[in-house]
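Below, each chain spelled out in residue letters.
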Amino acid sequence: MSNTSILLKIENKIAYITLNRPKVFNSFNREMALSLQSVFDDCETNDDVRAIVLTGNGKAFCAGQDLKEVTTPELNPGFKKILEEHYNPIIKRIRSIKKPVVAAVNGVAAGAGANIALACDIVVAHEKVSFIQAFSLIGLVPDSAGTFFLPRLIGFQKAQALAMLGDKMSAEEAERIGMIYRVISLEQFNNEVEKLAVKLANMPTKALGMIKELFNKSMTNTLEEQLDMESKYQIEAAQSEDYKEGVAAFIEKRKPNFKGK
């Protein structure tokens, strides 16, 4: 998939997905949005993939929508199509895929780019990164589930202020308020992302997928519904090969060899 707007590399059970329009700060056009969905679909069904890393090529992670596309009549798909066929399906794929998705934010994450990152399971960024809800600065509203995840991550008041004011937030501040998992030094960023991805790829993938589904449902479930779902999934997890291996490894005082089953 080289020489396209999305690059895919699979090694050590990890799929590295790279947004690849660096000249426009990896902003989305229709081709890139549809290609990203296709790559996520491939990763979901590929048994050789047990963890996914989403990052950007060049100086930016993603600057959101390519405004040239929406201001050029012959290119503009229209906002209805952009939302219903581009961003909404991307967010749904990130949340539904039963494998951990790490956003390795390598540069500025703005607009839909920021919200796609925040929809991932684990978000790490290097110390020079900034996040910005840029929508209001051009008269738009947040999309790509920004109004869903952001208040749940950092609270209603802070989230609404960021959405209205369009303030730029540093990676350090994002970590401090719980918007992202971790800030990594620029020098160690690639190495630490790889270490994190390798760790996830060697963990019990089935259990990680269940954890992801439980957290998804916790957004809307009642306490009783969540307890019932935890019970159901725990019973199912206890029947997995990885659980048997994990217990055996603990008793035998050795490192477990999980297969993701």
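### Looking at the state of the cysteines
Stage number 1. The final tally for this structure, using the stated rule, is 0 disulfides.
Stage number 2. Lacking any disulfide linkage, Cys-43 is separated from the closest cysteine sulfur, that of Cys-120, by 12 Å.
Stage number 3. Look at Cys-43 and you get buried, because its relative accessible area is 1%.
Stage number 4. Cysteine Cys-120 shares no disulfide, and the gap to the nearest cysteine sulfur, in Cys-62, comes to 11 Å.

### Brief notes about the sheet that holds strand β9 (residues 168-170)
Stage number 1. With respect to topology, 4 strands assemble into an open sheet ordered β4-β6-β8-β9, the strand pairing being mixed. Each of the sheet's edge strands pairs with one partner strand only, and the pair in question is β4 (60-62) and β9. The average angle at which neighbouring strand axes cross in this sheet is 20 degrees, direction not considered.
Stage number 2. Of the pairings in the sheet, the one linking β4 to strand β6 (residues 108-110) comprises 2 bridges and is parallel in character. Counterpart to Cys-62 in the pairing with β6 is Ala-109.

### A closer look at the pairing of strand β1 (residues 6-11)
Stage number 1. Here 6 bridges tie β1 to strand β2 (residues 14-19), and the two strands are oriented antiparallel to one another. Bridge pairing in β2 places Leu-7 opposite Thr-18.
Stage number 2. Remark: 2 residues form the turn of the hairpin made by β1 and β2, two consecutive strands paired antiparallel; Asn-12 in that turn has positive phi of roughly 55 degrees.

### Remarks on unusual backbone geometry
Most peptide bonds adopt trans geometry, and most residues besides glycine take a negative phi value.
Stage number 1. For Phe-25, which is not glycine, the phi dihedral falls at a positive 55 degrees.
Stage number 2. Assessed through its relative accessible area of 43%, Phe-25 is described here as partly exposed.
Stage number 3. Within the chain, Ala-145 stands out as a residue other than glycine whose phi angle is a positive 70 degrees.
Stage number 4. With respect to the helices and strands, Ala-145 occurs in the loop between β8 (130-132) and α5 (146-154).

### A short note on helix α3 (residues 79-96)
Stage number 1. The end-to-end C-alpha separation of α3 is 24 Å, in line with the 26 Å expected for 18 residues at 1.5 Å each.
Stage number 2. Of all the bends in α3, the greatest reaches close to 35 degrees and is centred on Asn-88; the proline Pro-89 follows between one and four positions later.
Stage number 3. Of the residues making up α3, those classed as buried are Ile-82, His-86, Tyr-87, Pro-89, Ile-90, Ile-91, Ile-94 and Arg-95.
Stage number 4. The inward-facing, buried residues of α3 abut α1 (30-45), α2 (67-70), β5 (101-105), α4 (112-118), α5 and α9 (205-218).

### Comments concerning helix α8 (residues 189-201)
Stage number 1. The end-to-end C-alpha separation of α8 is 18 Å, in line with the 18 Å expected for 13 residues at 1.5 Å each.
Stage number 2. For α8, the secondary structure elements touched by its buried residues are β2, β3 (51-56), β5, β7 (122-126), β10 (182-184) and α9.

### Things to note about the sheet that holds β2
Stage number 1. Taken together, the 6 strands give an open sheet; going across it, the order is β1-β2-β3-β5-β7-β10, and neighbouring strands pair in mixed fashion. Every other strand in the sheet has two partners, leaving β1 and β10 as the edge strands with one partner each. Each neighbouring strand pair of the sheet contributes to a mean axis angle of 20 degrees, computed without reference to strand direction.
Stage number 2. Taken together, the 3 bridges between β7 and β10 define a ladder with parallel strand orientation. If you follow His-126 over to β10, its bridge partner there is Ile-184.
Stage number 3. Against the sheet, α8 contacts β2, β3, β5, β7 and β10, and its axis sits at roughly 165 degrees relative to β7.

### Some points on the pattern of salt bridges
Stage number 1. Applying the stated criterion across every chain, the model contains 13 salt bridges.
Stage number 2. In this structure, Glu-173 and Arg-176 form a salt bridge, with 2.9 Å as the shortest nitrogen-oxygen distance. Residue Glu-173 and its partner Arg-176 are both found in helix α7 (residues 171-176); the two are separated by 3 residues, about one turn of the helix.
Stage number 3. The salt bridge partner of Lys-195 is Glu-192, with a shortest N-O separation of 3.3 Å. Separated by 3 residues within a single helix, Lys-195 and Glu-192 lie in helix α8, roughly one turn from each other.
Stage number 4. The class of Lys-195 is exposed, set by a relative accessible area of 54%.
Stage number 5. What emerges from the salt-bridge pattern is a single network uniting Arg-95, Asp-121 and Lys-212.

### Considering the environment of Leu-150
Stage number 1. In this fold, Leu-150 is placed in helix α5.
Stage number 2. Along the backbone, Leu-150 and Ala-163 are 13 residues apart, and their C-alpha atoms lie at a distance of 9.2 Å.
Stage number 3. Apart from the residues within four sequence positions on either side, Leu-150 is in contact with Leu-118, Gln-133, Gly-155, Ala-159 and Met-179.

What counts and how
- Residues numbered from 1 in each chain as written.
- Predicted model: local features only at pLDDT ≥ 70, side-chain atom pairs only at ≥ 80, totals over all residues.
- Heavy atoms only, no water.
- Disulfide = S-S within 2.5 Å.
- Buried < 20%, exposed > 50% of the residue type's maximum accessible area, 1.4 Å probe, protein only.
- Pairing = 2+ DSSP bridges.
- Helix = DSSP H or I, 4+ residues; strand = E, 2+ residues; numbered from the N terminus.
- Axes fitted to C-alpha atoms, helices over the stretch in contact; angles between N-to-C directions.
- Expected span 1.5 Å × (residues − 1).
- Bend = angle between axes of the 7 residues up to and from the residue.
- Contact = heavy atoms within 4.5 Å.
- Salt bridge = Lys/Arg side-chain N within 4 Å of Asp/Glu carboxyl O.

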